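Fold and contact review
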Amino acid sequence: MSIMVPSKTPALITPGRQALDSALYQLDQAAEHLGLDDGLRTVLATPRRSLTVSVPVRREDGRLNVVQGFRVQHNVSRGPAKGGIRFHPGTDIHEVTALAMWMTWKCALVGIPYGGAKGGVAVDPTGLTTRELERLTRRYVNEILPLIGPEKDIPAPDVGTDEQTMAWIMDTYSVSAGYSVPGVVTGKPTTLGGSLGRSGATSRGVQIATLAALGRAPEGATVAVQGFGKVGALAAQYLADAGCKVVAVSDITGAVYASAGLDIAGLRTWAAETGGVSGYRHADALPLDDLLELDVDVLVPAALEGAITEANAPRVRARLIVEGANGPTTPEADEILFANGATVVPDILANAGGVIVSYLEWVQNMQAYSWSSGEVEVKLRDLMESAFSEVKSMAAARGLTLRQAAHVIGVGRVAEAHQMRGLYP
């Protein structure tokens, strides 16, 4: 049985639909390797719950706007649902469903007892004031309130959201419950029960995965990072700290390049002060599309889905691609990269650091306990390195790519949990 084959005409579909097609194709490949029957494949391909809500927002000038919000719980066979909430104008139900599915496999792959979920609101947060953002967040949470909870579904930050967003969500939920419930979200400020080490956890995971896959000492290894935001900026910093030479980065304002290596700390300060990397005086401007095609050792796509496609994959020269973003490489591009000898560390492994430390934060909240930043980093490193070793071993033993091996492990664990629990009634 074939669940779904990715569309060959991506220009005719939305990025969200393309992401979902990719996720279903990856599931189909894993199911073939695992020998899953048609019924189980359909269960794993179908979200457990999907909710679409209307979110009215009163603007400062008195206007009333209505935007769409979503929350998808893909699978809860291995534990409560877990997944971020993003505020982005391109968000739709297809994108959120794909991201929830990837989160299911990601949690299973790294061995934490969660299922996958995702949420989003189709809005540009940069066009809203702080008070408008708070009203939007609280109303959205009120609409999805029946689905979330510390033992049901635990949101976290994602694109366009941050610690402050999580604080508003926690407060809204707690007011409804009548008492403080810190475990309802992760990625909170530490003053509200957030974990030390959570803010940079995804980036730290990218660094760990990169160094594990590099196969050589990091000193002098050249790196290009697409997306100098929440994940990409710190990933660039951590890789530079490890001895890599980060020569190019990009964000929505443009791209910059320095053959001798960028001063990442200085560039982060520049971006914070000016709103982006464009115009950084200690580097040369670079066309955005050229960054993905630079002759570097490592490419880190850390922006949005669908960055590396059938169109540009033949020109990607990096030998190692480490996916900081979710779904940055389409299946067609995967085949081209493999044929050209490139190694791709897949998103469900490379960017799993965020959900790992989210899990650690949730455990601390549920136990009313806290760990030091050093303890959190040791636990993160152990889980990331163990998962990478397992994926690499399976890939070698079965002749699979790292992505195929990661999905076989993740999908296999979820399938096993479903079969062990049985079907009710």
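Note that the structure is predicted; figures quoted are calculated from it, not measured.

Considerations on the confidence of the model for the protein chain
Looking at the protein chain as a whole, the pLDDT averages 94, with 97% of positions reaching at least 70. When the criterion is pLDDT under 50, residues 1-11 qualifies, and its contacts beyond four places in sequence or with other chains add up to 25 contacts.

Brief notes about the sheet that holds strand β6 (residues 222-226)
Pairing is mixed across the open sheet formed by seven strands, whose spatial order is β9-β8-β7-β6-β10-β11-β12. Among the strands making up the open sheet, the edge pair consists of β9 (284-286) and β12 (343-345). Taken pair by pair, the neighbouring strands of this sheet meet at an average axis angle of 20°, ignoring direction.

Some thoughts on the pattern of salt bridges
Applying the stated criterion across every chain yields a total of 25 salt bridges. Between Glu60 and Arg135 there is a salt bridge; the shortest N-O distance is 3.6 Å. Of this pair, Glu60 sits in the loop between β1 (49-58) and β2 (64-75) while Arg135 is found in helix α4 (residues 130-144), placing the two residues 75 residues apart along the sequence. By relative accessible area, Glu60 is classed as partly exposed at 36%. With its nearest N and O atoms 2.5 Å apart, the salt bridge here joins Glu361 to Lys188. Of the two residues, Glu361 sits in helix α12 (residues 353-367) while Lys188 sits in the loop between α5 (163-177) and α6 (201-214), which places them 173 residues apart along the sequence. Among the residues examined, Lys188 registers a relative accessible area of 1% and is labelled buried. Residues joined in a network through salt bridges with shared partners are Arg86, Glu95, Lys118, Asp158 and Glu305.

Brief notes about the packing of aromatic side chains
Per the counting criterion, the structure on display carries four aromatic pairs. Summarising the aromatic geometry, the rings of Tyr359 and Trp362 are spaced 6.2 Å apart at their centres and angled 35° between planes, so their arrangement reads as tilted. A residue pair is termed a helical-turn pair when its members lie 3 or 4 positions apart in one helix, as Tyr359 and Trp362 do in helix α12 at three residues. Site record: aromatic cluster; members linked through ring pairs are Tyr114, Tyr359 and Trp362. The lysine or arginine in question, Arg204, covers the ring of Tyr238, its NZ or CZ lying 3.7 Å from the ring centre. The side chain of Lys379 reaches across the aromatic face of Trp371, ending 4.6 Å from its centre.

As for the side chain of Thr329
Inspection of the secondary structure puts Thr329 in the loop between β11 (320-322) and α10 (331-339). Within the structure, Thr329 has its side chain in polar contact with the side chain of Glu323 (distance 2.6 Å). Sequence-distant contacts of Thr329, defined by excluding residues within four places in its chain, comprise Ile308, Glu323, Asp334, Leu337 and Arg403.

Some thoughts on the sheet that holds β1
Strand order across the open sheet formed by five strands is β1-β2-β4-β3-β5, with mixed pairing between neighbours. Bordering the open sheet on either side are β1 and β5 (153-157), each of which pairs with just one other strand. Taking each pair of neighbouring strands and ignoring which way they run, the sheet shows an average axis angle of 20°. The pairing of strand β3 (residues 81-87) with strand β4 (residues 115-121) spans five bridges and is classified as parallel. Residue pairing in the sheet places Ala81 in a bridge with Gly115 of β4.

Digging into the packing of helix α13 (residues 373-398) against helix α14 (residues 402-421)
A pair of packed helices is characterised by two quantities: the angle between their axes and the separation of those axes. Running from amino to carboxyl end, α13 crosses α14 at an angle of 110°, the nearest separation of the two axes being 8 Å. Viewed along their axes, α13 and α14 adopt a mutual orientation that is roughly perpendicular. For the pair formed by α13 and α14, the contact residues are Glu390, Val391, Lys392, Met394, Ala395 and Arg398 on the first element and Leu402, Ala405, Ala406, Val408, Ile409 and Arg413 on the second.

A closer look at α4
End to end, α4 covers 21 Å across 15 residues, agreeing with the expected 21 Å (1.5 Å per residue, within 8%). Taken residue by residue, α4 has Glu132, Leu133, Leu136, Thr137, Tyr140, Val141 and Ile144 as its buried positions. Down the axis of α4, the sector holding all buried residues measures 160°, keeping them to one side. Its buried side turned inward, α4 meets β1, β2, β3, β4 and α5.

What counts and how
Residues numbered from 1 in each chain as written. Predicted model: local features only at pLDDT ≥ 70, side-chain atom pairs only at ≥ 80, totals over all residues. Heavy atoms only, no water. pLDDT = per-residue confidence, 0-100. Contact = heavy atoms within 4.5 Å. Pairing = 2+ DSSP bridges. Helix = DSSP H or I, 4+ residues; strand = E, 2+ residues; numbered from the N terminus. Axes fitted to C-alpha atoms, helices over the stretch in contact; angles between N-to-C directions. Salt bridge = Lys/Arg side-chain N within 4 Å of Asp/Glu carboxyl O. Buried < 20%, exposed > 50% of the residue type's maximum accessible area, 1.4 Å probe, protein only. Phe/Tyr/Trp six-rings, centres within 6.5 Å; stacked < 30°, edge-to-face > 60°. Lys NZ or Arg CZ within 6 Å of the ring centre and 35° of its normal. Polar contact = N/O pair within 3.5 Å; in protein donor to acceptor, adjacent residues only side chain to side chain. Parallel < 35°, antiparallel > 145°, perpendicular 65-115°, else oblique. Expected span 1.5 Å × (residues − 1). Arc of directions from axis to C-beta.

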